[in-house]
Amino acid sequence: MRIELVPRTEPKAWARALAPVAALLVSFAIAGLVIWGMGRSPVAAFQVYIADPLMDPWSLREIAMKATPLIIIAIGLSYCFRANLWNIGAEGQFIVGAIFGSWLALATHGTDAGMWVLPAMLILAMIGGALYGAIPAFLRVRFGVNEILTSLFLVYVAQLLLDYLVRGRWRDPMGFNFPQSVVFDTAATLPAIAGMGRVHIGVIIALVAVVVTMIVLGRTLFGYRLRVSGDAPRAARFAGFSQARTIITVFCISGGLAGLAGIIEVSGVLRQLQPSISPGYGFTAIIVAFLGRLNPIGILVAGFIMALILIGGENAQIMLRLPFDLALAFQGLVLLCVLSADALVSNRLRIVRARA
Amino acid sequence: MKRRDLVAAGALAAMMAFGAVPAQADDPVRVGFVFVGPVGDFGWTYQHNQGRLALEETFGDQVETTYVESVSGGDAERVIEQLARTGHDLIFTTSFGYMEPTIRVAERFPDVKFEHATGFRRSDNVATYNARFHEGRYILGQIAAEMSESGVIGYIGAFPIPEVTAGMNAYILGAQSVNPDIELRVVYVNAWFDPARETDGARALMDQGVDVIAQHVDSPAAMQTAADRGVYGFGQASDMIDFAPDTLLTSIVNNWTDYYIDRIQAVIDGTWEPSDTWGGLSADMIRMAPYTNMPDDVAERAAATEAAIRSGELNPFTCPIIAQDGSEVPCEGDGVLSDAQVLGMDFFVQGIADTLPN
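Note that the structure is a prediction, hence the values are computed from the model and not measured.

Q: Can you walk me through the overall build of chain B in this structure?
A: For chain B, the helix and strand inventory stands at 11 helices and 12 strands. In terms of overall dimensions, chain B is globule-like: its C-alpha atoms have a radius of gyration of 22 Å, near the 21 Å expected for 358 residues. C-alpha extents for chain B along the principal axes are approximately 75 × 45 × 35 Å. Every one of the 358 residues in chain B was classed for burial, and the buried ones make up 58%. Considering only intrachain contacts with a sequence separation of at least 6, the fraction spanning at least 24 residues in chain B is 67%. Only carbon and sulfur atoms are counted for the fraction: they give 48% of the accessible area of chain B, which is about 14,200 Å². Charge centroids of chain B, computed over 22 positive and 52 negative side chains, lie 10 Å from each other.

And the structure:
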């Protein structure tokens, strides 16, 4: 006996819409079983993980901050993924963006440079991320190299570049040889939103990215071209859409947004460069993009859910003494369930009995 | 509404949100720990966690401890704040990288007490604590020089920061007290806890002819790798003998337990101060694991050196200290380098074959 996936001719719209919700519920159920198996109460875990943070203004603000880089990166990735291009290297573009932006912060350190520094940093970061994203796109267009591999490998290059800089020329001279840069000046630090604790304006930038992307994808020719290139590449070619141009463009957008997220995290949260500036945002954002169905609003919601899970994992350690690894496992579980749900929406299961 | 009512309302809200118990006079002291690695690293974090467990054993119902493990730099501020706002009275942040976040949160929570390990910034509610690891490393150096046949010994460091540099210098000075011609090779893995890179570091050293390895990183991976080739090694932070039973010579064991117990007692007694503690063998903040896999005379000499350092008779950094470039280091202590010189150590002494990364 074996099980086959048979494509459905017409996947139902409601099923497609409900799939992520169902996937989340299933992953909650599995996680609950695991927690129950560990001898803890799944109800208490749900309370601490999900319910409490949603009831508490401080936690909500922290979730918004944690979700910001995830949403901005995932929005960028959605351009690539919609066109059926697989940018797995957002983590690297995030880092290179942070490096480009931080360069200005360090160059103007202690000079009283003024208001222009921060916007210039954001723009530089986008340029840096876009250039870095353009490398796999160029290799794909020019030499037909698989962009999945090149974009992923470039992550490690970016990590080592950052490592070199914070241990070498960008190291804080007063920092006792510890590998970190100086703490940025106020002019190079993302300001907090008044009355919102330490929540910085990067949260607003994330919302802007969501709205702009809604307009671009829904109401522009470019957005239409993107969809066609992804769903029906042959039709796109017949319509005269240049595939090379699409590839380069979406990788630049995707890399640019990842770079923007990078400088927002460094200038808004860390306030200095360190050897490691991301606990894997670039990879987690891939989950966020899919959980959000590559739809801007969906990504916004998915980013919040993922941040909630990450912060809930800390609460679970503090309140219930559940191990950190459980939070990581839970994250993986969510992605697995979302992908499975997708597969089940567009396919149905058929059980084939073995012939005698 | 009076201020007290406001506080009560706030506490009630916190209770509702987190199911906490209202604060009372006979309430347990709530202690939070922020860890840089997993509690199962069998090194640095493991040893801090041993201290935490000892608190529960010693104080029973009088304390309640919680911890968050593997906290990255960007998450530290949120985690520390979450501990502070959920009713923890005393919070230990156990990695150098938590210095700025600890200070920032401490400003927002003046009634919560903080203790930051290995840092140098203090305030009205932030104390610092660290151990004089270099004392133990002088003993390791002596043993290494006696056990080495090639005359080349090795050291795996995490980062080229003063604490690690001081340990390397103490190690080579101890070794030179036995064999003035001994040579020290150094490798940095650029992480506190990265077993794969620690293993690579051990291999790199052994390929250069090193036959005794010391380490200032957190996992026992390098000691296991050394054992595979029959190369001697020294454990760090916790007694790593189980990982290399036939080749481990001894370990420097960090003992945070007594310190943690003292500090909780001080909170209970109301005598807690934002102090700066830097204790070594005499304060029992570091201990030497049993001297194993070595001839009796080597072990006896090590024990004698240990006793001399503990009594204050011997200081690893006794002047004159000659820096790598041949210049004599100014002697700012009483015949020895001052604490400030050791804490900010940014030079190698003569005999180290590599240069300090700059």
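Q: Please clarify how the overall build of chain A should be interpreted in this entry.
A: Helices and strands together make up the secondary structure of chain A, namely 13 helices and two strands. Along the longest, intermediate and shortest principal axes, the C-alpha atoms of chain A span 80 × 60 × 40 Å. Of the contacts formed within chain A by residues at least 6 apart in sequence, a portion of 79% connects residues at least 24 apart. Surface exposure of chain A reaches about 16,200 Å², of which carbon and sulfur atoms provide 69%. Measuring between centres, the 27 positive side-chain charges of chain A sit 14 Å from its 16 negative side-chain charges.

Q: What exactly am I supposed to notice about the pattern of salt bridges here?
A: Note on pairing: side chains with opposite charge can pair once their charged atoms come close. Residue and element names in this part refer to chain B. Scanning the entire structure with this criterion turns up 28 salt bridges over all chains. In this structure, Arg 78 engages Asp 75 in a salt bridge whose closest nitrogen and oxygen atoms are separated by 2.9 Å. Here Arg 78 pairs with Asp 75, and both are found in helix H3 (residues 73–85), just three residues apart, close to one helical turn. With relative accessibility at 3%, the residue Arg 78 sits in the buried group. The buried category is assigned to Asp 75, whose relative accessible area is 9%.

Q: Quick question: what am I supposed to make of the nonpolar core here?
A: Note that soluble globular proteins tend to have their nonpolar side chains buried in a common cluster. Judged by nonpolar contacts, the single largest core of 98 residues is most densely connected at Ile 143, Tyr 171 and Ile 213 of chain B. If we skip the residues at most four places from it in the chain, Ile 143 of chain B touches Phe 234, Leu 249, Thr 250, Tyr 291, Met 294, Val 298 and Ala 302 of chain B. Judged by nonpolar contacts, the second largest core, of 97 residues, contains Ile 95, Met 121, Ile 309 and Ile 311 of chain A.

Q: Even after reading the chapter, I still don't get the interface of chain B and chain A, so can you show me in this structure?
A: One frequent convention defines the size of an interface as the accessible area lost when the parts assemble. The interface is formed by 38 residues belonging to chain B together with 30 residues belonging to chain A. Counting the surface lost from both chain B and chain A, the interface buries some 3,100 Å², and carbon and sulfur atoms represent 55% of this. Linking chain B to chain A there are five salt bridges. Of the charged contacts in the structure, one is a salt bridge between Asp 75 of chain B and Lys 66 of chain A, with a shortest N-O distance of 2.7 Å. Here chain B is connected to chain A by 10 residue pairs in polar contact (both at pLDDT 80 or more).

Q: Mind showing me how you'd approach the side chain of Lys 66 of chain A here?
A: One can find Lys 66 of chain A in helix H3 (residues 57–82). Of the residues examined, Lys 66 of chain A reaches a relative accessible area of 5% and is grouped as buried. Of the polar contacts made by the side chain of Lys 66 of chain A, one reaches the side chain of Asp 75 of chain B; its length is 2.7 Å. Here Lys 66 of chain A is in contact with Pro 279, Tyr 281, Ala 307, Leu 310 and Ile 311 of chain A together with Asp 75 and Arg 78 of chain B, once residues within four sequence places are set aside.

Q: Where do I start with the environment of Ile 287 of chain A in this structure?
A: Residue and element names in this part refer to chain A. Here Ile 287 shows up in helix H11 (residues 281–291). Spatially, the C-alpha atom of Ile 287 lies 8.7 Å from that of Val 338, the residues being 51 residues apart in sequence. When residues no more than four places from it in sequence are discounted, the contact partners of Ile 287 are Met 306, Gln 331 and Leu 335.

Q: I'm lost on the state of the cysteines in this one. Help?
A: Here, disulfide denotes a covalent bond that connects the sulfur atoms of two cysteines. In total, this model carries one disulfide over all chains according to the counting rule given. Counting only cysteine sulfurs, Cys 80 of chain A is the nearest neighbor of Cys 252 of chain A, a cysteine outside any disulfide, at a range of 9.5 Å.

Q: Quick question: what am I supposed to make of the sheet that holds strand S12 (residues 286–288) of chain B here?
A: Pairing between sheet strands relies on hydrogen bonds along the backbone, with the strands arranged either parallel or antiparallel. All names here are of chain B. The strand order across the open sheet formed by six strands is S7-S6-S8-S9-S10-S12, and the pairing between neighbours is mixed. In this open sheet, the two strands that pair with only one neighbour each are strand S7 (183–188) and S12. In this sheet, adjacent strand axes meet at a mean angle of 15 degrees when their direction is disregarded. Two elements, strand S6 (residues 152–157) and strand S8 (residues 212–216), share four bridges in a ladder whose sense is parallel. Its bridge partner lying in S8, Tyr 155 is registered against Ala 214. Packed onto the sheet, helix H6 (residues 162–176) meets S6, S7, S8 and strand S9 (232–237) and runs at close to 165 degrees relative to S6.

Q: Honestly, the packing of helix H1 (residues 13–37) of chain A against helix H2 (residues 42–55) of chain A in this entry has me stumped. Any pointers?
A: Residue and element names in this part refer to chain A. At a closest axis distance of 9 Å, the pairing of H1 and H2 adopts a crossing angle of 125 degrees. Accordingly, the angle class assigned to the pair H1 and H2 is oblique. Taken as a pair, H1 and H2 cross one another with a handedness that is right-handed. Taking contact as the criterion, the partners of Phe 28, Gly 32, Ile 35 and Trp 36 in H1 are, on H2, Pro 42, Ala 45, Phe 46 and Ile 50.

Q: Even after reading the chapter, I still don't get the packing of aromatic side chains, so can you show me in this structure?
A: To describe a pair of aromatic rings, you give the distance between the ring centres and the angle between the ring planes. Under the counting rule described, the total for this entry stands at 27 aromatic pairs over all chains. Ring centres of Tyr 49 of chain A and Phe 330 of chain A lie 5.6 Å apart, and the angle between their planes is 75 degrees; this geometry places the pair in the edge-to-face category. On the criterion of sequence distance, the pair formed by Tyr 49 of chain A in helix H2 and Phe 330 of chain A in helix H13 (residues 324–346) is long-range, its members being 281 residues apart. Given a relative accessible area of 6%, Tyr 49 of chain A falls into the buried group. Assessed through its relative accessible area of 7%, Phe 330 of chain A is described here as buried. Relative to Trp 256 of chain B, the ring of Phe 133 of chain B has its centre 6.4 Å away and its plane inclined at 75 degrees; by these criteria the two rings are edge-to-face. Of this pair, Phe 133 of chain B sits in helix H5 (residues 133–147) while Trp 256 of chain B sits in the loop between strand S10 (248–254) and helix H9 (257–269), and the two are 123 residues apart along the sequence. Across the pair, Trp 256 of chain B and Phe 133 of chain B agree in class, each one buried.

Q: Would you mind going over the sheet that holds strand S3 (residues 90–93) of chain B with me for this structure?
A: Residue and element names in this part refer to chain B. Read from one edge of the open sheet, six strands run S2-S1-S3-S4-S5-S11, paired in parallel fashion. Here the strands that pair on one side only, and so sit at the sheet edges, are strand S2 (63–68) and strand S11 (276–279). Going from strand to strand, the sheet's axes swing by 15 degrees on average, the running direction of each strand aside. Relative to S11, strand S5 (residues 126–131) runs parallel, the two sharing four bridges. Bridge assignment links Thr 128 to a residue of S11, and that residue is Asp 276. Against the sheet, H3 makes contact with strand S1 (29–34), S2, S3 and strand S4 (113–117), and its axis sits at roughly 175 degrees relative to S1, the strand it touches most.

Q: I would appreciate a short explanation of helix H7 (residues 202–219) of chain A in the present structure.
A: Along an α-helix, residues three or four positions apart point the same way, because every turn accommodates 3.6 residues. Residue and element names in this part refer to chain A. Taking 1.5 Å per residue, 18 residues should reach 26 Å; H7 reaches 25 Å between its end C-alpha atoms and fits that length. Listed in full, the buried residues belonging to H7 are Gly 202, Val 203, Ile 205, Ala 206, Ala 209, Val 210, Thr 213, Val 216 and Leu 217. Projected onto a plane normal to the axis of H7, the buried residues spread over an arc of 155 degrees and lie on a single side. Away from the buried face of H7 by more than 90 degrees, exposed residues Gly 218 and Arg 219 are located. For H7, the elements touching its buried residues are H3, helix H5 (117–143), helix H8 (221–231), helix H10 (243–270) and helix H12 (296–320).

Conventions and cut-offs
Residues numbered from 1 in each chain as written. Chains lettered and ligands numbered in written order. Predicted model: local features only at pLDDT ≥ 70, side-chain atom pairs only at ≥ 80, totals over all residues. Heavy atoms only, no water. Helix = DSSP H or I, 4+ residues; strand = E, 2+ residues; numbered from the N terminus. Rg over C-alpha atoms; globule rule 2.2 N^0.38 Å. Buried < 20%, exposed > 50% of the residue type's maximum accessible area, 1.4 Å probe, protein only. Contact = heavy atoms within 4.5 Å. Areas by Shrake-Rupley, 256 points an atom, 1.4 Å probe, with all protein chains shown as cover. Lys, Arg positive; Asp, Glu negative; His and termini not counted. Charge placed at Lys NZ, Arg CZ, Asp CG, Glu CD. Salt bridge = Lys/Arg side-chain N within 4 Å of Asp/Glu carboxyl O. Core = buried A, V, L, I, M, F, W, Y, C linked by side-chain atoms within 4.5 Å. Buried area = accessible area lost by both parts, 1.4 Å probe. Polar contact = N/O pair within 3.5 Å; in protein donor to acceptor, adjacent residues only side chain to side chain. Disulfide = S-S within 2.5 Å. Pairing = 2+ DSSP bridges. Axes fitted to C-alpha atoms, helices over the stretch in contact; angles between N-to-C directions. Parallel < 35°, antiparallel > 145°, perpendicular 65-115°, else oblique. Left-handed = near helix turned anticlockwise from the far one by under 90°. Phe/Tyr/Trp six-rings, centres within 6.5 Å; stacked < 30°, edge-to-face > 60°. Expected span 1.5 Å × (residues − 1). Arc of directions from axis to C-beta.

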